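If you want the building blocks of each chain, they are given just below.
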Amino acid sequence: MSRPSDHIDSAPVPSGDGITQPKLGFVGTLRWFWRQLTSMRTALFLLLLLAIAAVPGSLVPQRSSDPNGVTQYFTDNPDLAPVLDTIQAFDVYSSAWFSSIYLLLFVSLIGCVIPRTKHHLQALRAKPPKTPARLGRLAGFMSRTAPAGTDAATAVAAARTVLKQGRYRVALFESPTEFSVSAERGYLRETGNLVFHSALVGLLLVVGFGSGFGFTGQRVLVEGQTFVNTLLAYDSFNPGRFFDDTELDPYTLTLDDFDVSYETANLEAFGQPVDFTAGVTVTPRGGDAKAGAVRVNDPLRTGGTSVYLLGNGYAPTITVKDPEGTVVFTDSVPFLPQDANLTSLGIVKVPDGLEEQVGLVGFFYPTQDESSTGSYFSSFPDLEYPVLTLNVYAGDLGLDDGVPTSVYSLDTDTMEPLATRTSDIQPLELKPGETQELPNGLGSVTFENATPDAADGDYSGSVPRFASFDIHHDPTQGWVLLFAVLVLGGLLTSLFVPRRRLWVKAIEQADGSVLLEYAGLARGEDPALESAVTTLADRHAALLKRSARVVSPVEPA
Amino acid sequence: MNLNELSILSLYSAMAVYAVAFIAFSIDLAKRSSAVDAADTESAKTEAGEAAAVGSAGGTSTLTRISARMANDAATPYGRSASLRVGVSLTVLAWALQLVATVLRGIAADRVPWANMYEFAMTGTLLIVTVFLFLLTRIDLRFLGTFVTGLVLILLGIAQQYYVEVAPLPPALQSVWLVIHVFVASLATGFFALGFALSFVQLLQFRREDRVGTDKPGRLKFLKTLPAAVTLENLAYRTNIIGFILWTFTLMAGSIWAERAWGRYWGWDTKEVWTFIIWVIYAGYIHARATRGWRGSRSAWLAIIGFAAVMFNFGVVNVFFKGLHAYSGL
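Here the residue numbers are simple positions, counted from 1 along each chain's written sequence. For naming, the first written chain is A and the first written ligand is 1, with later ones following in the order written. pLDDT decides what is reported in this predicted model: residues at 70 or higher carry local features, side-chain atom pairs at 80 or more are listed and counted, and totals for whole chains, interfaces and linings draw on all residues regardless. Side-chain metrics rest on all non-hydrogen atoms present in the structure, leaving aside hydrogens and water.

## Re the sheet that holds strand S2 (residues 169-174) of chain A
All names here are of chain A.
Thinking step 1. At least two DSSP bridges between two strands are required for those strands to pair. In DSSP terms, a helix is any run of H or I states spanning at least four residues, a strand is any run of E spanning at least two, and both are numbered starting from the N terminus. Read from one edge of the open sheet, five strands run S1-S26-S25-S3-S2, paired in antiparallel fashion. Looking at which strands have only one partner, the edges of the open sheet turn out to be strand S1 (139-145) and S2. The average undirected angle you get between the axes of adjacent strands in this sheet is 15°.
Thinking step 2. Looking at chain direction, S1 and strand S26 (residues 514-522) are connected through five bridges and run antiparallel. Across the sheet, the residue bridging to methionine 142 is tyrosine 518, located in S26.
Thinking step 3. Contacts are assigned to residue pairs that have any heavy atoms within 4.5 Å of one another. Note on definitions: angles span 0 to 180 degrees between N-to-C directions of axes, and those axes are lines fitted to C-alpha atoms, for helices only across the stretch in contact. Across the face of the sheet, helix H7 (residues 152-165) comes into contact with S2, strand S3 (178-185), strand S25 (500-508) and S26 while running at roughly 10° to S3.

Following this line, the structure appears as structure tokens:
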């Protein structure tokens with residue numbers, strides 16, 4: 001059997017009414033179960049179930065795509081969230097229930113495709129079936145009389161020629177009174193259908209196992225910094241199950257400069273970024289340095305990895321000195337952007353070298369402006385009038401507890417505020433190149449100007465920028481693309497190549513004339529079947545007429 | 001007046017013309033109903049009834065064009081009323097105005113005119129009408145005029161809520177895949193819309209055909225002038241599979257773009273989820289058509305649910321769901 005028994009093209013199964021069915025044994029039950037699983041109805045049910053099961057994942061944040069959203073959801077719905085978590089609502093697409101639906105679907109699919117492939121391979125070698133006795137009941141049936149002087153065998157041979165030209169597979173049949181040709185085409189339809197379904201299985205396997213062979217990692221680089229592609233150089237690193245970190249190709253990547261351009265002509269979109277380009281230099285191990293660029297939508301492919309530009313911002317260079325003028329801290333600190341005009345927030349931790357541990361919470365405004373309430377904000381994302389404000393805290397930075405802490409946050413609860421908006425001393429305020437004393441004679445802090453020689457008032461290069469890169473390695477992407485192309489190609493052929501049978505019959509009449517009959521049968525969707533029969537009849541008539549004309553001078557009698 | 005203002009003016013004009021076309025198509029439906037009444041009275045006199053009309057249609061089986069077959073398998077043959085011709089002409093005019101509006105918007109922005117919700121709506125509805133007018137050249141689907149102009153009017157009306165000034169593309173959208181992925185998705189929506197309408201009429205027609213012979217004639221008399229339910233089903237299927245193939249391509253093009261932009265080809269982002277759901281529903285529809293007991297009304301319902309999901313994906317997921325596609329929406 002090629003198709004599931006409930007496929008529309010299969011012969012209807014006689015219903016078992018009135019027949020006492022024998023009790024199914026164990027094997028019989030398995031067989032019954034298998035037939036149920038591979039039936040069209042089950043496949044359809046599983047497909048619809050899959051569609052419904054995919055919905056919750058769009059209503060509730062998912063750990064895979066929106067981990068912060070999940071954390072937020074737990075905060076907002078403390079009662080509901082744990083309940084949802086037990087039914088894997090935050091990991092829908094890797095949950096047991098979602099997986100079991102698509103796995104059953106694919107088992108059903110494989111169980112359907114294998115017997116069909118076997119049957120199709122046989123059909124590819126088989127001759128078209130015998131011409132039906134009565135064509136009159138078939139689609140597009142028509143009859144015509146052959147031109148005088150054409151005998152039935154010649155007429156059918158001509159029909160065979162026409163059909164062969166139309167790339168039909170043909171077989172001739174004859175009986176004492178009639179000759180006929182049976183033709184079939186469109187085997188590609190079933191081939192396409194099988195390729196489509198097999199490619200889906202391939203896609204599932206590659207996606208399922210393939211992701212285990214890759215990794216994703218993140219790294220932030222300030223202009224001028226270099227990264228070496230080794231495990232320790234990543235800020236965060238997520239290897240796949242089967243990934244071996246010795247496979248990392250230790251190339252180096254330097255962020256030379258980071259260019260941003262902002263819209264200034266169109267006032268409706270004033271300040272909107274129109275281009276981000278990270279100018280980089282890549283040096284393969286033992287190779288020559290090469291300049292490259294990473295843009296949004298345009299990753300850099302190097303050393304078996306793809307480097308994506310995910311984010312960017314300012315990294316003010318901050319230097320802290322003790323009262324004697326010894327440098328205890330100096331670094332370009334990436335500040336995280338808080339809004340579209342790049343008001344940015346950054347943390348500096350100075351654990352050693354000063355009398356106390358000092359923490360600085362900094363706000364950076366690339367183009368500082370003041371609101372009516374006196375608070376600062378940034379009115380443009382580029383460096384027009386950069387200002388850095390620093391809240392100063394002293395006390396325990398919490399670095400000695402052995403608990404890992406983020407470089408982007410500072411727990412000020414246990415620290416003493418020395419200079420904040422609510423303390424006696426207001427936050428320190430610096431422009432590039434300026435230095436301020438820290439409160440309590442702790443020392444001084446400097447906001448370094450990266451281009452001290454620039455003209456007065458030109459701050460455009462005064463603060464370095466940083467770029468955050470995502471670095472991915474996925475050796476199976478090519479396979480995914482290949483299977484996707486096969487899916488699309490298979491779909492196109494299986495839906496648009498018509499599969500049909502055509503028959504031409506020539507019957508010798510008592511009066512010596514030859515009656516020609518034409519008919520067709522669609523196998524699957526075939527809107528053009530009737531016109532195909534008509535076209536066949538017309539071509540056939542034309543060919544017969546032409547050969548009759550060629551033949552007639554030879555037979556002057 | 002700058003190009004964008006001209007675009008807005010042209011779009012408003014198009015909406016006004018669509019509104020008049022909608023009225024013309026509605027009058028045509030009313031006329032169809034009265035034509036059916038007249039024909040019924042006539043046939044009651046001659047006692048020939050519906051059988052005669054069907055019988056005369058059967059004699060032209062050698063006609064091969066679908067359009068010919070479609071006109072013939074209506075229970076009550078119906079020609080072209082003046083209002084129908086007016087409706088089609090006005091739709092063509094409104095389409096041309098909308099095309100001008102869309103092209104001007106693109107020129108004003110110096111990029112493809114489908115980079116935010118307002119522009120999606122403008123281009124998407126333009127493509128719905130384009131698909132409709134294209135199909136009209138091959139098949140007589142003019143009876144869908146009320147649906148098409150009505151839907152387009154509503155969508156364009158809603159789109160005014162999301163009007164934004166012309167702005168350059170943010171870096172995230174600067175990609176050739178914006179041109180391909182979004183355009184093909186909108187084109188697929190055009191085919192799904194027509195497939196939805198045909199499936200809907202198919203259901204109505206099926207109910208009417210089911211009642212023939214009973215003494216409950218049903219209220220929508222114009223259905224008698226439309227093709228038989230089986231013909232409508234075949235047309236709906238052909239329209240929907242074109243949409244399905246375009247949608248498959250949309251999904252794949254989106255994956256390729258996602259790989260370039262976000263570093264992964266698939267990540268179950270909300271919009272990806274809904275694109276997947278729609279794909280599965282239409283895959284189910286195609287399966288249903290091939291499943292015994294599901295061909296006919298049941299599969300038609302799947303096509304209707306599928307289009308509802310398409311509209312949900314466009315209207316609700318873009319606006320109210322959190323996800324990576326959100327910045328492109330408004």
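## A closer look at the interface of chain B and chain A
Thinking step 1. Counting from both sides, the interface comprises 55 residues of chain B and, opposite them, 61 residues of chain A.
Thinking step 2. Each of two parts loses accessible area, computed with a 1.4 Å probe, when they are put together; buried area is these two losses added. Summing the contributions of chain B and of chain A, the shared interface buries around 4900 Å²; its carbon and sulfur component is 66%.
Thinking step 3. Per-residue buried area on chain B facing chain A is highest for Arg260, Tyr265 and Arg292 of chain B; these three make up 15% of the total on that side.
Thinking step 4. Salt bridge, as applied in this entry: a Lys or Arg side-chain nitrogen positioned within 4 Å of an Asp or Glu carboxyl oxygen. Counting every contact that joins chain B to chain A gives three salt bridges.

## Structural notes on the nonpolar core
Thinking step 1. Nonpolar cores were defined as sets of buried Ala, Val, Leu, Ile, Met, Phe, Trp, Tyr and Cys residues, with membership established by side-chain atoms within 4.5 Å. For the exposure calls, accessible area comes from a 1.4 Å probe over protein chains only, and a residue counts as buried if that area is under 20% of its type's maximum, exposed if over 50%, partly exposed in between. Among the nonpolar cores identified, the biggest contains 112 residues, and Phe98 of chain A together with Leu141 and Leu144 of chain B are the most heavily contacted of them.
Thinking step 2. In terms of residues, this core owes the most to one element, helix H9 (residues 270-289) of chain B, which gives 13 residues.
Thinking step 3. Those residues in contact with leucine 141 of chain B, other than ones at most four positions away along the chain, are Phe132, Leu135, Leu136, Leu198 and Leu235 of chain B.
Thinking step 4. Of all hydrophobic cores here, the second largest spans 54 residues; its members include Ala278, Phe335, Phe380 and Leu388 of chain A.

## Here's the deal with the UniProt feature "domain: ResB-like" (unreviewed entry) in chain A
Thinking step 1. Following the UniProt record, the feature "domain: ResB-like" (unreviewed entry) maps to residues 40-531 of chain A here.
Thinking step 2. With 26% helix and 33% strand, the stretch residues 40-531 of chain A has end C-alpha atoms that lie 31 Å from each other. UniProt positions are given in the numbering used here, feature names are shortened, and annotations may be inferred rather than shown by experiment.

## Observations concerning the UniProt feature "transmembrane region" (unreviewed entry) in chain A
Thinking step 1. The UniProt record marks residues 43-60, 96-115, 194-215 and 478-497 of chain A with the feature "transmembrane region" (unreviewed entry), using the residue numbering of this structure.
Thinking step 2. Its end C-alpha atoms 27 Å apart, residues 43-60 of chain A is made of 89% helix and 0% strand.

## Digging into the packing of aromatic side chains
Thinking step 1. Any Phe, Tyr or Trp ring, taking Trp's six-membered ring, that has another such ring centre within 6.5 Å forms a pair; planes under 30 degrees apart are called stacked, those over 60 apart edge-to-face, and the others tilted. Scanning the model with the defined rule gives 34 aromatic pairs over all chains in all.
Thinking step 2. Considering the side-chain rings of phenylalanine 196 of chain B and phenylalanine 200 of chain B, the 6.2 Å spacing of their centres and the 20° angle between planes classify their relative orientation as stacked. Taken as a pair, phenylalanine 196 of chain B and phenylalanine 200 of chain B lie in helix H7 (residues 176-211) at a separation of four residues, close to a single helical turn.
Thinking step 3. Using a relative accessible area of 17% as the deciding quantity, one classes phenylalanine 196 of chain B as buried.
Thinking step 4. Among the aromatic residues, those joined into a cluster by ring pairs are Tyr93, Phe98 and Tyr102 of chain A together with Trp266, Trp268 and Phe276 of chain B.
Thinking step 5. Two limits define a charge over a ring: the Lys NZ or Arg CZ must be within 6 Å of the ring centre, and within 35 degrees of the ring normal. Above the ring of tyrosine 187 of chain A, the side-chain terminus of arginine 169 of chain A is found at 4.3 Å from the ring centroid.
Thinking step 6. A cation sits over an aromatic face here: arginine 298 of chain B above tryptophan 294 of chain B, 4.9 Å from the ring centre.

## Remarks on a negative patch on the surface
All names here are of chain A.
Thinking step 1. Taken together, the side chains of Asp352, Asp396, Asp400 and Asp401 present a region of like negative charge at the surface.
Thinking step 2. Within the element layout of this structure, aspartate 400 appears in the loop between strand S19 (387-394) and strand S20 (416-419).
Thinking step 3. The exposure class assigned to aspartate 400 is exposed, which follows from its relative accessible area of 60%. Residues enter patches when they are more than 30% accessible in relative terms and free of salt bridges; like-charged ones are connected within 9 Å and nonpolar ones (Val, Leu, Ile, Met, Phe, Trp, Tyr) within 5 Å. Where accessible areas are quoted, they stem from the Shrake-Rupley method and a 1.4 Å probe; at the residue level, only the protein chains shown are allowed to cover. Positive charge is attributed to Lys and Arg, negative charge to Asp and Glu, and no charge count is given to His or to the chain ends. Each charge is placed at NZ for Lys, CZ for Arg, CG for Asp and CD for Glu.

## Let's talk about H7 of chain B
Side chains three or four residues apart in an α-helix point the same way, a direct result of the helix having 3.6 residues per turn.
Thinking step 1. Multiplying one less than the number of residues by 1.5 Å gives the expected span of a helix. The end-to-end C-alpha separation of H7 of chain B is 53 Å, in line with the 52 Å expected for 36 residues at 1.5 Å each.
Thinking step 2. Note on H7 of chain B: the residue one or two positions beyond its end, glycine 213 of chain B, has a positive phi of about 95°.

## Brief notes about the packing of helix H2 (residues 40-54) of chain A against helix H6 (residues 96-125) of chain A
Residue and element names in this part refer to chain A.
Thinking step 1. Remark: H2 packs on H6, axes separated minimally by 9 Å, with the N-to-C direction vectors making an angle of 155°. Considering the angle they form, H2 stands roughly antiparallel to H6. When the axes of H2 and H6 are compared, the crossing they make is left-handed. Judged by residue contacts, Ala43, Leu46, Leu47, Leu49, Leu50, Ala53 and Ala54 of H2 engage Trp97, Phe98, Ile101, Tyr102, Leu104, Leu105 and Ser108 from H6.
Thinking step 2. Put simply, Ala, Val, Leu, Ile, Met, Phe, Trp, Tyr, Cys and Pro go in the nonpolar bin, Asp, Glu, Lys and Arg in the charged bin, and everything else, Gly too, in the polar bin. Taken together, the residues of the contact of H2 with H6 break down into 13 nonpolar, one polar and no charged. Comment on the angle field: the value is read as roughly parallel under 35 degrees, roughly antiparallel over 145, roughly perpendicular from 65 to 115, and oblique elsewhere. Crossing handedness: left-handed means the near helix sits turned counterclockwise from the far one by under a right angle, and right-handed means the same turn made clockwise.

## A word on the pattern of salt bridges
Residues and elements named next belong to chain A.
Thinking step 1. This model, assessed by the stated rule, comprises 21 salt bridges over all chains.
Thinking step 2. We note a salt bridge from arginine 501 to glutamate 184, for which the minimum N-O separation is 2.8 Å. With a gap of 317 residues between them, arginine 501 in strand S25 and glutamate 184 in strand S3 connect regions that are remote in the sequence. Both residues of the pair, arginine 501 and glutamate 184, belong to the buried class.

## A look at unusual backbone geometry
Phi is mostly negative for residues that are not glycine, and the peptide bonds are mostly trans.
Thinking step 1. The phi torsion at arginine 167 of chain A lies on the positive side, around 60°, for a residue other than glycine.
Thinking step 2. Inspection of the secondary structure puts arginine 167 of chain A in the loop between H7 and S2.
Thinking step 3. Given the relative accessible area of 74%, arginine 167 of chain A is considered exposed.
Thinking step 4. Residue aspartate 110 of chain B is not a glycine yet carries a positive backbone phi of 60°.
Thinking step 5. Looking at the element boundaries, aspartate 110 of chain B is found in the loop between helix H4 (82-109) and helix H5 (117-136).
Thinking step 6. Judged by relative accessible area, which is 69%, aspartate 110 of chain B ranks as exposed.

## Focus: a nonpolar patch on the surface
Residues and elements named next belong to chain B.
Thinking step 1. Residues Met1, Leu3, Leu6, Leu9, Leu99, Val103 and Ile107 make up a contiguous nonpolar surface patch of roughly 630 Å² in combined accessible area.
Thinking step 2. For the nonpolar patch, the secondary-structure elements that each account for two or more residues are helix H1 (3-46) and H4.
Thinking step 3. Within the secondary structure, leucine 6 sits in helix H1.

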